[in-house]
Every structure is written in C-alpha cells, then in structure tokens.
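# Architecture and fold: a report
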Amino acid sequence: MGEASRRTTISAAFHQSGPDRSHNILWSDKSKIGLFGLNAKCHVWRKTCTITTIRHGGGGIMLWGCFSAAGTGRLVKIEAKMNNAKYREILDESLFQSAQDLRQGQRFTFQQNNEPMHTDKTMQEWLRDKSMYIREWPS
C-alpha cells in the first residue's frame, strides 16, 4: 500500500484475516537460475572488447518448489516452457505429494503469487475442483 512494513505489521494483518493457520500454509513459487551472471541486464564499460561474452545469459534452469512451517516440499525442474497446463501438471504431481510429505493434511491453505497463469479462469476452476483453499495475496 506504499507504506513501510515491519514484521509486526504483517503479523497483525495475518491475525486480523482469521484464525492463525500459518502452520498449515503451503507456499510455492518458481525461479529461474542463470548459469552465468544475473538475469538482469548488466552494462560494462571497457576500453577494448577482449573478453568473450555469452549471449542471452548463457542458459539456466527453472525450478518450482514449495515449503511450509514443517519444512521444504518437492523441488521440480521445469523442462519445457511454463504455461497453465504445465503448472497444473506440477501441482497435480508435486503439490499434493508435498502436502502429504509435510503432514499438512487434506485441508491446507495454498499460497501462490498473483501471476496471470495462477489467476486465470481455467486455473481458478481447477483449484475449485480440487477443493483448494487459497489465501488472498495482494499484487
């Protein structure tokens, strides 16, 4: 909301949103790890260009993972381009198994960010079909 926040502020907001279910939340995200340097642009000034460079970051891997207060869940290497179908496949194969491994029970709260593939109509229908409880998360 444009204001500085502290741990106590965030904690108070969670407590206001309902009973403390933080022990039963399964958080997830994906991340790209570049093999050479950062995923951002980097500008370097040189007198002469004598250093060999690797174009477009030189490759990397993309991973999806999840964790809860009980520990870390499965880590999945994403081989193909991530799209809605691939994301649902990962959730089907790894999210529920991770919840079971972490003893989250059948009724855990799933936390994801607001990427378009997470919030589109087909994904919302899939989550409803799986009876998933999703914690609202601001953009």
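All values derive from a computational prediction rather than experimental measurement. (Residues numbered from 1 in each chain as written. Predicted model: local features only at pLDDT ≥ 70, side-chain atom pairs only at ≥ 80, totals over all residues. Heavy atoms only, no water.)

### Some words on the nonpolar core
As a reminder of what qualifies: Nonpolar cores are built from buried Ala, Val, Leu, Ile, Met, Phe, Trp, Tyr and Cys residues. Side-chain atoms within 4.5 Å join them into one set. Note on classification: 1.4 Å probe, protein chains only; a residue is buried when its accessible area is under 20% of the maximum for its type, exposed when over 50%, partly exposed between these limits. The numbering of helices and of strands both runs from the N terminus, where a helix is a DSSP run of H or I of at least 4 residues and a strand a run of E of at least 2.
By size, the foremost hydrophobic cluster in this structure holds 19 residues, and its most contacted members are Leu26, Trp64, Tyr87, Leu91, Leu95, Phe108 and Phe110. Mapped onto this core, the elements with two or more residues apiece are strand E2 (60–68), strand E3 (71–78), helix H2 (84–101) and helix H4 (121–129). If you tally residues by element for this core, the top one is H2, at five residues.

### Points about the side chain of Ser98
Note the following rule: Definition of a polar contact: a pair of N or O atoms within 3.5 Å, with one able to donate and the other able to accept a hydrogen when the atoms are protein atoms, and with sequence-neighbouring residues admitted only if both atoms are side-chain atoms. Residues count as neighbours in contact if any of their non-hydrogen atoms are within 4.5 Å of one another.
Along the chain, the position of Ser98 falls in helix H2. Given a relative accessible area of 0%, Ser98 falls into the buried group. Here Arg74 takes part through its backbone nitrogen, which lies 2.9 Å from a polar atom of the side chain of Ser98. Those residues within four positions of Ser98 in sequence are excluded, and the remaining contacts are Cys66, Gly73 and Arg74.

### Details of the pairing of E2
How we decide: Think of it this way: DSSP has to see at least two bridges between two strands before they count as a pair.
Note that strand E1 (residues 25–34) and E2 share eight bridges and pair antiparallel. Bridge pairing in E2 links Lys32 to Met62. Note that E2 and E3 share six bridges and pair antiparallel. If you follow Phe67 over to E3, its bridge partner there is Thr72. The loop that links E2 with its antiparallel partner E3 comprises two residues.

### Observations regarding unusual backbone geometry
If you check the backbone angles, Arg103 has positive phi at about 55° while not being a glycine. Inspection of the secondary structure puts Arg103 in the loop between H2 and strand E4 (109–111). Backbone geometry at Ser131 places phi at a positive 55°, although glycine is not the residue there. Inspection of the secondary structure puts Ser131 in the loop between H4 and strand E5 (133–134).

### Brief notes about the packing of aromatic side chains
So the rule is basically this: In this scheme Phe, Tyr and Trp rings, the latter by its six-membered ring, pair at centre separations within 6.5 Å, and the angle between planes marks the pair as stacked below 30 degrees, edge-to-face above 60, and tilted otherwise.
Under the defined criterion, the tally for this structure stands at three aromatic pairs. Ring geometry for Trp27 versus Phe67: centroids 6.3 Å apart, planes at 10°, classification stacked. With Trp27 in strand E1 and Phe67 in strand E2, this pair connects stretches of sequence that are 40 residues apart. Its relative accessible area of 44% is what places Phe67 among the partly exposed residues. Residues Phe96 and Trp126 carry aromatic rings whose centres are separated by 6.2 Å and whose planes lie at 45° to one another, so their mutual orientation is tilted. In this pair, Phe96 sits in helix H2 while Trp126 sits in helix H4, placing the two residues 30 residues apart along the sequence. Of the residues examined, Phe96 reaches a relative accessible area of 27% and is grouped as partly exposed.

### Thoughts on the confidence of the model for the chain
Heads up, the rule is: Per residue, pLDDT measures the predictor's confidence, with a range of 0 to 100.
Residues at a pLDDT of 70 or more form 65% of the chain, whose mean pLDDT is 77. Here helix H1 (residues 7–16) stands out as the least confident element of the chain, with mean pLDDT 61; E3 is the most confident, with 92.

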